[in-house]
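Here are the chains, one letter per residue:
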Amino acid sequence: MGYSEIAAEAKADPEGYWMKAAEGIDWVTPPSKALFDENAPLYEWYADGTLNACWNAVDRHVEAGHGERVAIIHDSPITHSKREISFVELRNRVANLAGALKAKGVEKGDRVIIYMPMIPEALEAMLACARIGAVHSVVFGGFAAHELAVRIDDCTPKCIIAASCGLEPGRVVHYKPLLDGAIEQATHKPDFCVIFQREQEVAKLTEGRDVNWHGFQYGVEAAECVLVEGNHPLYILYTSGTTGQPKGVVRHTGGHSVALNWTMRNLYDMNPGEVFWAASDVGWVVGHSYICYGPLTYGCTTIVFEGKPVGTPDAGTFWRVIQDHKVKCLFTAPTAFRAIKREDSNGDLIGKYDMSSLESLFLAGERADPDTIVWAQDKLGVPVIDHWWQTETGWAIAGNPLGIEALPVKVGSPSVAMPGWDVQILDEGGHPLPAGELGAIAAKLPLPPGTLPTLWNAEDRFLKSYLEHFPGYYETGDAGYKDEDGYLYIMARTDDVINVAGHRLSTGAMEEVLASHPDVAECAVIGVADALKGQMPMGFLCLNSGTQKAAEDVVADCVKLVRDQIGPVAAFKLATVVQRLPKTRSGKILRATMVKIANGEEFKMPATIDDPAILDEIAEALKEIGYPR
Ligand code: COA
Ligand code: AMP
């Protein structure tokens, strides 16, 4: 069957379609039905089945006789090391870690925060939690202590598992002081912390609170997989919303395992035993779905890569990894390719490696610009597939399902809605728009398995953020259009979220930090176009009258403040002082107009603008910092 038939089947009989897909997973008690819609518009999938996500990702492959197959390859150009872990080794390591967590009182439903870099132990920690039914919440290593503290208070973990350090090119990221600072700032205190000591840095443990990763496993009994219900939360992953309070996306066990297993075959065209590489980070949803759970559940080998596309040591690193580990499918963000293209525009380094194993490249996380796609197609000679998804959805809303049928690629479009998704372009009133017209992108409820059922401890926020604006739909927060063939084009966010190097960031959160500076009276943060990172945050600061401090000192303070409060990943380096901010007569800051001026794009004078002269002042201030570029 081709894509159209499968999509039609999933639409006509979702119950039958997703019950069949559920057969790809080991259940202890199979679910009595797929969709649980009793509490619509809140939906759950496979709620009454019982299973274990760690069993499905690890143990079942050992039981099936594939224990010697490689589960995880750690490739770290930063530490010049490579290491392989087989499924049976992984099972043993995870069972021991899970046993030690259990012995310290971690039980089904307890939360565990994981704050670790790209090392296999990060996946082992996730899987150990899943094994005993604990709910993990991985926090990206590029976030500062304050962001970690906010997450600690929101999900109130019994335990935090951290590494002593992370390694960025030329810089050791000292995790322990960040962890200690976060715990000090947070109101909630974990019972204990497990610290994995890396050889690059041994951290000082806090007596009575911290235990050593290896030491606390000594002599404990390995843990068996605990049965959980299909609707048991496997993890919480925080993502940026419009405010400084991140949204805790909840992922249920059953739908997640089924959906990811389905995508490995149908979307990525993988077979068990083959090598899949998502060059992302475990702290992002791509890392959860396609470094950890997806490939492992399907019996593929996954790569944990600790490095960057350029500079570790050069723009040929990706090709070297593909050659050394016979990668069949590479998944990364367009930024990574823009970085490589900038360093090696002719692709000379590609020719130095044997890339014959590579069959496809998938891109996601931000808009894939046509230049980058065409360059990758030309240089790699394999299908380059843009696909569109979000932390909330856990897997692709739209893509080109290579395992079903390779549809024609249209550069600039992440192709078509995946089976199970009914994607519509809506006008402000919630009416579907015809092909070619730009509108809000929404998906008809219920969403397919694996997508978010709610936000952690914030059901009202879930309803308000996603379901209220367009009743009967999930509002994606993206705007775009569909063409006559049903291909989607994702153009922009409809909220204050920006995308910097494939990292989703909240301008609202940055504004909250800037506003806390004693000399800042008012501020706005926008995302300006950037040739490498897609977007970069830029701050506009209005100072209190009578401020003694020089403007450049306030700017320097603010840059440091965002780095200290949100983290280096915010990449907040551009800011300028202005007298006033452009606003509508009702006081709304005209951010979209400021973006246009900063990017040097044409714009229409907003009809509701209070004082058009302020736009000239903004243009003047931008000119002083070299914008538009
Ligand atoms: N821990 C601590 N700090 C981190 C970090 C981590 N895990 N990841 C990034 N940072 C830091 C970087 O060191 C950098 O700090 P600096 O300001 O001191 O230089 C800052 O956060 C910004 O990082 P990044 O946006 O990654 O920029 P970069 O200049 O270091 O690298 C690219 C540019 C294009 C090479 C890089 O962004 C990249 O590889 N992008 C791929 C995107 C990706 O995988 N996205 C995931 C979604 S699929
Ligand atoms: P995240 O939750 O971090 O995965 O970010 C999700 C957001 O990134 C989406 O809502 C989009 O704005 C953007 N995004 C992700 N993939 C794509 C894509 N293929 N094309 C355009 N935008 C994308």
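Structure shown above.
Residues numbered from 1 in each chain as written. Chains lettered and ligands numbered in written order. Predicted model: local features only at pLDDT ≥ 70, side-chain atom pairs only at ≥ 80, totals over all residues. Heavy atoms only, no water.

### Brief notes about the sheet that holds strand β19 (residues 360-363)
A sheet is described by the order of its strands in space; here seven strands give the open sequence β5-β4-β17-β16-β18-β19-β20, paired in mixed fashion. Looking along the sheet, the strands with just one partner apiece sit at the ends: β5 (81-86) and β20 (384-386). Within this sheet the neighbouring strands show an average axis-to-axis angle of 20°, counted without direction. Note that β19 and β20 share three bridges and pair parallel. Residue pairing in the sheet places L363 in a bridge with D386 of β20. Contacts from helix α10 (residues 317-325) reach β4 (70-76), β5, β16 (275-278), β17 (301-305) and β18 (327-332), with the element oriented near 150° to β18. (Pairing = 2+ DSSP bridges. Helix = DSSP H or I, 4+ residues; strand = E, 2+ residues; numbered from the N terminus. Axes fitted to C-alpha atoms, helices over the stretch in contact; angles between N-to-C directions. Contact = heavy atoms within 4.5 Å.)

### Comments concerning the site of ligand 2
Near ligand 2 there are 15 residues, and of these D386, T391, D478, R493 and R504 occur at the shortest range. Contact distances for ligand 2 include 2.7 Å between a nitrogen atom and a side-chain N or O atom of D386. A distance of 2.7 Å separates an oxygen atom of ligand 2 from a polar atom in the side chain of R493. Surface burial for ligand 2 is 92%, taken as the share of its 490 Å² of free accessible area covered by protein chains. (Near = heavy atom within 4 Å. Polar contact = N/O pair within 3.5 Å; in protein donor to acceptor, adjacent residues only side chain to side chain. Areas by Shrake-Rupley, 256 points an atom, 1.4 Å probe, with all protein chains shown as cover.)

### Observations concerning the site of ligand 1
Not every one of the 24 residues close to ligand 1 is listed here, only the nearest: E168, R171, K533, R563 and K573. Within the side chain of K573, an N or O atom sits 3.0 Å from an oxygen atom of ligand 1. In isolation ligand 1 exposes 930 Å². Once the protein is present, 82% of that is buried.

### Focus on the sheet that holds strand β26 (residues 488-493)
An order of β23-β24-β25-β26 is seen for the four strands of this open sheet, with the pairing classed as antiparallel. Among the strands making up the open sheet, the edge pair consists of β23 (423-426) and β26. The mean angle between the axes of side-by-side strands here comes to 50°, regardless of whether they run parallel or antiparallel.

### Brief notes about empty space enclosed by the protein
Under the defined criterion, the tally for this structure stands at three cavities of 30 Å³ or more. Each pocket or cavity is described by its volume, and for the largest cavity that value is around 180 Å³. Those elements that place two or more of their residues in the lining of the largest cavity are β2 (44-45) and α13 (459-467). Of the residues contributing to the lining of the largest cavity, the split by class is 13 nonpolar, four polar and one charged. (1 Å grid on protein atoms, 1.4 Å probe; cavity = no way out; pocket = protein on both sides within 12 Å on 5 of 7 lines; lining within 4 Å. Points joined across faces, edges and corners; volume = space filled by probe spheres on them. Nonpolar A, V, L, I, M, F, W, Y, C, P; charged D, E, K, R; others polar.)

### Structural notes on the layout of surface pockets
Rolling a probe over the atoms, with the probe sized like a water molecule, indicates the empty space that remains. Volume-wise, the second largest pocket comes out at about 500 Å³. Around the second largest pocket, the lining is made up of 28 residues, and of these A7, K11, G420, W421 and D422 lie nearest the centre. In terms of residues, the lining of the second largest pocket owes the most to one element, helix α1 (residues 3-12), which gives five residues. When the residues that make up the lining of the second largest pocket are grouped by side-chain class, the tally is 19 nonpolar, three polar and six charged.

### A few points about a nonpolar patch on the surface
Together, V374, V409 and V411 line one region of the surface with nonpolar side chains, adding up to about 200 Å² of accessible area. Relative to the helices and strands, V409 is located in the loop between β21 (398-399) and β22 (416-417). (Patch = residues over 30% accessible without salt bridge, like charges linked within 9 Å, V, L, I, M, F, W, Y side chains within 5 Å. Salt bridge = Lys/Arg side-chain N within 4 Å of Asp/Glu carboxyl O.)

### A word on the packing of aromatic side chains
Inspection of the entire model under this criterion finds 30 aromatic pairs. Aromatic pair W27 and Y46: ring centres 5.5 Å apart, planes at 50°, arrangement tilted. Here W27 is found in the loop between α2 (14-21) and β1 (35-36), whereas its partner Y46 is found in the loop between β2 and β3 (50-51), with 19 residues between them in sequence. Y46 matches W27 in its accessibility class, with the two residues each being buried. What links up through ring pairs into an aromatic cluster is the set Y268, F276, Y290, F331, F362 and W389. Positioned over the ring face of F36 is K33, at 4.6 Å from the centre of the ring. Over the aromatic face of F192 sits the side chain of K104, whose NZ or CZ is 4.8 Å from the ring centroid. (Phe/Tyr/Trp six-rings, centres within 6.5 Å; stacked < 30°, edge-to-face > 60°. Buried < 20%, exposed > 50% of the residue type's maximum accessible area, 1.4 Å probe, protein only. Lys NZ or Arg CZ within 6 Å of the ring centre and 35° of its normal.)

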